Amino acid sequence: MIVLSAKNLTKAFGTEVVLDNVSFHVNQGDRVGIIGANGAGKTTLLNILTGESGFDEGDFFIAPELARGYLKQSGGFDPESTVGEEMLRVFSELTDMESEMERLSQEIALAARQGEEAGRLLDAYDKVSEVYRARGGFGFRSEINGVLSSMAFGEAEIGKKTGLLSGGERTRLALAALLLRKPGLLLLDEPTNHLDIGTLSWLEQYLKNYVGTVVLISHDRYFLDQTVNRIFEMENHRLSVYEGNYSTFLEKKRAGAEAEYGRYERQQQEIKRQEEMIRRFKQHGTEKLANRAKSREKLLERVTRLEKPTRPGEGMKLAFRQKFKSGHDALHAEGLAKGFGRPPERRELFRGVDLDLKSGEHVCMVGANGVGKTTLLRIVTGDEVPDEGWLRLGHNTLIGYYDQEQEGLDRDKTVLDEMTGSFRGYSDTQMRSMLGAFLFSGDAAFQRISTLSGGERARLSLLKLMLSGANLLLLDEPTNHLDIVSKELFEEALEAFPGTALIISHDRYLLRRIPSRIVELTAEGLVGYLGNYDYYLEKKESLGSGKRYLSEMAASRAGGGEGGSSEEVGAGAGSWSAAAELRARNKEAQKERRRRERELAALEARIGELEEEIKEVEGLMTAEEALSDHVLLAAHDERLRALKPELAALYEAWVAKQEEAAAEGGEDGEGGG
């Protein structure tokens, strides 16, 4: 069922067009990811979907019964209210019922003391209590605590005033409040900002199981892969729809770009061929050939010439440069500890941190929010002093530091003045060219840094870092505030950087691509993992499994489970008959396996047919004639609603066959020992 649709939406701010003839539809239960460069119009589109912003032209439909919930990049709370109070506001209807039941209880008690009839009061209490129970009144506080805990709010933070929360904490609180409301349509603007890896994983699982429809803006590629089934790409003020997650989008986008470039090249070849024929016709000087030349020239003039697209793999390239190479040991630290405050309020961040970086290593640091990752980087830069331990930089080590808040920028300067003042060896022309590559072209180079957005300041800080010549890069969440294209460019530059890098990041795409090893900061020190994010996850999971195994073994031994069997299997006359029976069993199992494989193949073939048919119908629904014909659109939608349950049933049958195969395989394995 379609819950949201738009046709030819257009929106402009003054003379600047933001959305140009945008059309799409969203079905019940869809998970849609909106992507695009910063400034492409993503938030404007989301504001239209929420009803907070209007549009200039076009048609927009949203199911009237659909409740909308919107997570903005900056949510608003009463600064004097506490975290717990803000969460209780979500359930104000239930807390009002609690107050009403308390009032009725007191009146009933008073009536009993005075010997008065309380039947009317008891009936009223029962009615309120029944509604309270039906709406989850006895479980909503547990739900609040569960969501707050998942959003990294401990018991100590529940009484904290929201005015004292950091920007990241306010974002997490707004997300918690929205998830507790459970609207039918969940609209999220950059929900992964300020979340650590554990919270990200929880949110991904939550959204996978969410019963409503989700539309979100995100630059987190891993998150998009895990949560969405459709991609809306905003580019050049238009919207393109891709079925599948982010990785599928990338494949389709790359294939589309290659096809587009192929069409351009074929047209160029045809134009050259026609121009060569015209030249030859004119060269011969006969009237007949001259007329042919004129005819071909007219045809050529009417050809709509394709603009040259960017060839896949081409485009802007960035590079980190080091002035000179550091010694083999870039950095060595032992026993570092840091805390803040004095007893009894003192808060320990970490202790026992040992760190060794070799020249050329690219190491990523992960850890829960608040564990002290940024503080550890600031100890390396010398901006913080450790309480214990020592640190030594290697020979010729030159540090370049990128911090989340871009504190190294002078907010009173213009972009160009900041760069020319920091790097005097470049002419204004050279500097303007480099700024243009970082999207500070034209008048943007003369903007004051105080007026720049977070993403613009991030790009400027990265450009300064790239030109610094540092051979040890300390990067604190470098991909925050960058759009996807900028992230890809940054990662390519970082991969090619010959120096050493220590990177704090929750960007799991970066964590897969960049590090030679990952270190996790805990309160007790650093734990090392010799691989990328996939290895880190695998190792963490195996360590967890190992702990479970050891505890199970301990429980088994405590219960007398250790020791041999009371019966021994003897050899002799019975061994031949046992072997024959085993062969017969194996033969029957092979026969059953072949039957199951045939059934699976038939199921998979039908599933493929249905998926193709669904894809075809979804394509028809986005066609111009369907978008302008509600009857035709409804017919296509009805067909989809018939196909999808059949596909779901086939998938269930397929999964059941797979589980059956796995179970029988396990039994075979036990018998074959």
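The structure displayed is predicted, hence computed values, not measured ones.

## Here's the deal with the overall build of the protein chain
A count of helical and extended segments in the protein chain gives 21 helices and 18 strands. Sorting the 673 residues of the protein chain into buried and exposed places 40% on the buried side. Long-range contacts, defined as pairs at least 24 residues apart, comprise 69% of the intrachain contacts of the protein chain with a sequence gap of at least 6. Accessible area for the protein chain stands at about 36500 Å²; split by element, carbon and sulfur atoms hold 50% of it.

## Some points on the environment of Glu130
Note on placement: Glu130 falls in helix α4 (residues 119-134). One polar contact links Glu130 to Arg133, side chain to side chain, over a distance of 3.2 Å.

## Some words on the confidence of the model for the protein chain
Residues with a pLDDT of 70 or more make up 88% of the protein chain, whose mean pLDDT is 83. Segment residues 546-576 is flagged for pLDDT under 50; beyond a separation of four residues in sequence, or across chains, it makes three contacts in the model. The model gives residues 666-673 a pLDDT under 50, and that stretch makes one contact with residues more than four places away or in other chains.

## Remarks on unusual backbone geometry
Phi angles above zero are rare outside glycine, and Asn21 is one such case at about 55°. When you line up the elements, Asn21 lands in strand β2 (residues 16-27). For Asn21, a relative accessible area of 36% gives the class partly exposed. Not every positive phi belongs to a glycine, and Lys182 is a case in point at roughly 55°. The residue Lys182 is located in the loop between α7 (167-181) and β6 (185-189) in this model. The class for Lys182 is partly exposed, based on a relative accessible area of 44%.

How each quantity is defined
- Residues numbered from 1 in each chain as written.
- Predicted model: local features only at pLDDT ≥ 70, side-chain atom pairs only at ≥ 80, totals over all residues.
- Heavy atoms only, no water.
- Helix = DSSP H or I, 4+ residues; strand = E, 2+ residues; numbered from the N terminus.
- Buried < 20%, exposed > 50% of the residue type's maximum accessible area, 1.4 Å probe, protein only.
- Contact = heavy atoms within 4.5 Å.
- Areas by Shrake-Rupley, 256 points an atom, 1.4 Å probe, with all protein chains shown as cover.
- Polar contact = N/O pair within 3.5 Å; in protein donor to acceptor, adjacent residues only side chain to side chain.
- pLDDT = per-residue confidence, 0-100.

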